Structures are given as C-alpha cells and as structure tokens.
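The primary structure of each chain is shown beneath.
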Amino acid sequence: MPDIYDVAILGAGPAGATLARLIGNRFSTAVVDKKGTATDFRKPCGGLLSPDAQRALSRFDMTLPTDVLVSPQIFTVKTMDLETGRTAHYQRCYLNMDRARFDEWLMAAIPAEADVFRGVCTSVERQSGVYILKTKDTEIRARILVGADGAASAVRSFLYPHSRLKRYIAIQQHFCEAAERPFYSCVFDRATSRFCSWAISKDDILIYGGVFEPNGCREAFEAQKQRLPKPDFDLRTPICTEACAVLRPEGTRQFCLGHDDAFLIGEAAGFISPTSFEGISWAITSAALLADALAAGPENAAKRYRTATRSLRAKLYLKQAKAPFMYNRALRNLILRSGLRAVKLQTPT
C-alpha cells in the first residue's frame, strides 16, 4: 500500500470499476466502494442492460456470465398511460439482469495491482496538492481523485459546493408474485409523477418503481400504485422498498467534469439519460474516455477529458428534445394513438 497513490477512485459501480480496470496496471490505484459494508447499497431501477450499455461493453470484448442474467428475457415494453387508458407495445432489446451481480462481475475484473477498500467515504480533503479520502477505518492519499460515486457524489460536492443539479428520487418495491406471463411495462401518470414508472417480472418477483420529485415522493409513489389497473398488478404486500437519488441535468452547463487533478465520471458528472435515466452506458463510456486522457499523461488530462466528452454532453443535451414526446400529455397520446413504431401483438386464435 503506497503512502500516496497516483489515483484514488471513489465508487466501484460501472464507472469506477471500468476506470480501475483500464488504468490499474498503469497507475498505483486505490478504489473505495461502499458495497459490501454495513450500509450495503443496492441500485434501484438498475436491472436492465440497454442496447447502448451492451454496445459500450462490446468494445472491450467482455463476455457477460450467465449467472448475471435473470429470467425472463423480454422483447417488448408495454406502455401504459393511466390518464387515457391507452396502451401500446414497443420492441426493446434489453437484457434482464441482477444489478448486484453485474457490479460484482465488473469489480472482479479490476487488476490485482489495484487496492480495493470497502467503506463509506466520510470526508474529502486536499492538502498540499494531495487528495485525502477518509472512511471509518482508512485514510487514502492520492495525487489524482476521481468521483464515480453517483448522484449523491461526495467528490462533486467537494469540487462544486454551489452546484445544484436537478435531483429526483427513484423508489421501487419488490413483491412475491409470479406473473402469468412475464412483462415489462412503462407507466405514465401525470397526476403523481413527472416521469415514468416501471413494472417488471423477474424470477417470480414483481418489481414496481418510479421516479418522483423529492418533496412528497413516497406519498406520490403510493398514490400512483392506487391508480394502476388492478387486474395487471397486485401491489398490496411488498417484500422490501428501495430508494436512491438520481440526477437529471437540464443543460450543458450542468455537467461537472472536475478540476485541479480531480475528475468526475458517470452519473457523478451528470452523465445519465434525461428521458429514461439509463446511466450504465454513459458510465462505461465516460470512464473509458478518462482512462485514455490519463494514459496520455496526467498533464493536460483535464483538457483532453473535456474535449473527449464533448460529444457525450451534446448527445445528452439533444435527448432533451425527446422528453416532450414522453412526458407531455398531448404529444405522448398523439404517438400512442398513431401506433408509430408500435408492435402489433398476435395471439393464438
């Protein structure tokens, strides 16, 4: 264990684990992750691997083990609008997976040369050009600091104490219910949530969740459950309830990339879809871009990283143009009524 590491990474989700895997042989690297601690963390709404995330992984020729996947694999999304009662089915190529196992698989690929510490970060400091991360049991010093610690990033709060990115709360509950036919549903309900909710069946477990404004989020979640079609869902007795913060940057200036030999990647930087809240693909891609920037030398790495992420930031900003077609009532119902790109289901006669 060096006295001072070259790089310290806070967080070992898709962003942090990917960066550690790519630079762990080039730099002395410390990774601090809170998973597996007394305050074990599970990511709600993280159990689908999107085509973009699959594409991001494919560039590394990585093979996803079968024990990461869960049944069933679903090819259509049932879109429901609770206000009008309209429904439509759309083809989607998601992989249904266990998010905790997925994160463990990514962490297992971190080189042995990197040191992994389990613990919750209690403070971030900088003294004489050296960053200091503290947990309950450990103090880690590094010349370069990377925040890969998600929406509630301690590194972002340290670097940008006055930055106020739009934050929502993702809530989901698990129910012990075997669906007669597996499904994945996308639910829109203007009355209780600005954004969509979801329901998906996995290995005889029904998961229902949604993204809500922070104030009154739990009340809005419970109210939405009452508005759901009763034949489709039985949500009376949850096994467990999970929640976490999610970000939604609303302009290019809200992306926080870092400064002074400190960097942000993944959702900590604001890299998350403003429409679907999908973040795995952006986490992996931004981590790879920072790895390339650091590999060319720590000097001017910040400039290279900013330049490399320009297209990422532009794509995320342009996704804002898609939002009205999902969350504006009139536009959404125009699309649902038109049947544009919808799948016409065929049932046995």
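Below is a summary of the structure that appears in this document. Because the structure is a prediction, the values reported are computed rather than measured.

Turning our eyes to something else, we now look at the pattern of salt bridges. On inspection of all chains with the given rule, the structure shows 18 salt bridges. A salt bridge links Asp33 to Arg118; the nearest nitrogen and oxygen atoms lie 3.7 Å apart. With Asp33 in strand β2 (residues 29-33) and Arg118 in strand β7 (residues 115-118), this residue pair connects regions lying 85 residues apart in the sequence. Classification of Asp33 as buried rests on a relative accessible area of 4%. According to the relative accessible area criterion, Arg118 is partly exposed, its value standing at 47%. Where Arg141 meets Glu139, a salt bridge forms, and the shortest distance between an N and an O atom there is 3.1 Å. Of the residues examined, Arg141 reaches a relative accessible area of 30% and is grouped as partly exposed. With a relative accessible area of 37%, Glu139 lands in the partly exposed category. Salt bridges linked by common partners bring Asp33, Lys35, Arg99, Asp103 and Arg118 together as one network.

Further remarks concern the pairing of strand β4 (residues 76-81). Taken residue by residue, a regular strand's side chains alternate between the two faces of the sheet. Where β4 meets strand β5 (residues 87-91), five bridges bridge the pair, whose relative direction is antiparallel. Each bridged residue has a counterpart across the sheet, and for Thr79 the counterpart in β5 is Ala88. The turn joining β4 and β5, which pair antiparallel and follow one another in sequence, is formed by five residues; a positive phi near 80° is taken by Gly85. Of the strand pairs in this sheet, β4 and strand β12 (residues 184-188) are connected by four bridges, and their pairing is parallel. Each residue of the ladder has a partner; that of Met80, found in β12, is Val187.

Looking now at the environment of Arg167. Looking at the element boundaries, Arg167 is found in strand β11 (residues 167-175). Residue classification places Arg167 among the partly exposed positions, given a relative accessible area of 35%. Not counting chain neighbours up to four residues away, the residues in contact with Arg167 comprise Ala151, Ala152, Arg156, Pro214, Ala245, Val246 and Leu247. Among the polar contacts listed, one links the side chain of Arg167 to the backbone oxygen of Ala151, at a separation of 3.5 Å.

Looking now at the environment of Ile335. With respect to the secondary-structure elements, Ile335 resides in helix α10 (residues 329-338). Between the C-alpha atom of Ile335 and that of Ala291, which follows or precedes it by 44 residues, the distance is 41 Å. The residues contacting Ile335, other than those within four sequence positions of it, are Tyr90, Phe325 and Leu340.

In a pair of packed helices, the angle between the axes and the distance between the axes together describe the arrangement. Following both chains from N to C, one finds helix α6 (residues 280-295) and helix α8 (residues 310-318) inclined at 160°, their axes separated by 10 Å at the closest point. Judged on the interaxial angle alone, α8 and α6 are roughly antiparallel. When α6 is examined against α8, the residues Trp282, Thr285, Ser286 and Leu289 are found in contact with a partner set consisting of Leu312, Lys315 and Leu316. Per-class residue counts for the contact of α6 with α8 are four nonpolar, two polar and one charged.

The next subject is the pairing of strand β13 (residues 197-202). Among the six residues in β13, six count as buried, and that is most of the element. Covered by surrounding structure in β13 are Ser197, Ala199 and Ser201 together with Trp198, Ile200 and Lys202, the residues of both alternating faces. With four bridges connecting them, β12 and β13 associate as antiparallel partners. Bridged to Cys186 within β13 is Trp198. If you look at the hairpin formed by β13 and strand β14 (residues 205-212), you'll find two residues sitting between the two strands, and Asp203 has a positive phi there, around 45°.

The step from Ser71 to Pro72 runs through a cis peptide bond, and the omega angle for that step is 5°. If you trace the backbone, Pro72 turns up in the loop between α2 (51-58) and β4. Even without glycine at this site, Ser128 takes up a positive phi of about 50°. Mapped onto the fold, Ser128 is located in the loop between β8 (123-127) and β9 (130-134). Given a relative accessible area of 82%, Ser128 falls into the exposed group. Positive phi, close to 65°, is recorded for Arg341, a residue that is not glycine. Summarising the element assignment, Arg341 is placed in the segment after α10. Accessibility expressed as a relative area gives 75% for Arg341, which makes it exposed.

What counts and how
Residues numbered from 1 in each chain as written. Predicted model: local features only at pLDDT ≥ 70, side-chain atom pairs only at ≥ 80, totals over all residues. Heavy atoms only, no water. Salt bridge = Lys/Arg side-chain N within 4 Å of Asp/Glu carboxyl O. Helix = DSSP H or I, 4+ residues; strand = E, 2+ residues; numbered from the N terminus. Buried < 20%, exposed > 50% of the residue type's maximum accessible area, 1.4 Å probe, protein only. Pairing = 2+ DSSP bridges. Contact = heavy atoms within 4.5 Å. Polar contact = N/O pair within 3.5 Å; in protein donor to acceptor, adjacent residues only side chain to side chain. Axes fitted to C-alpha atoms, helices over the stretch in contact; angles between N-to-C directions. Parallel < 35°, antiparallel > 145°, perpendicular 65-115°, else oblique. Nonpolar A, V, L, I, M, F, W, Y, C, P; charged D, E, K, R; others polar.

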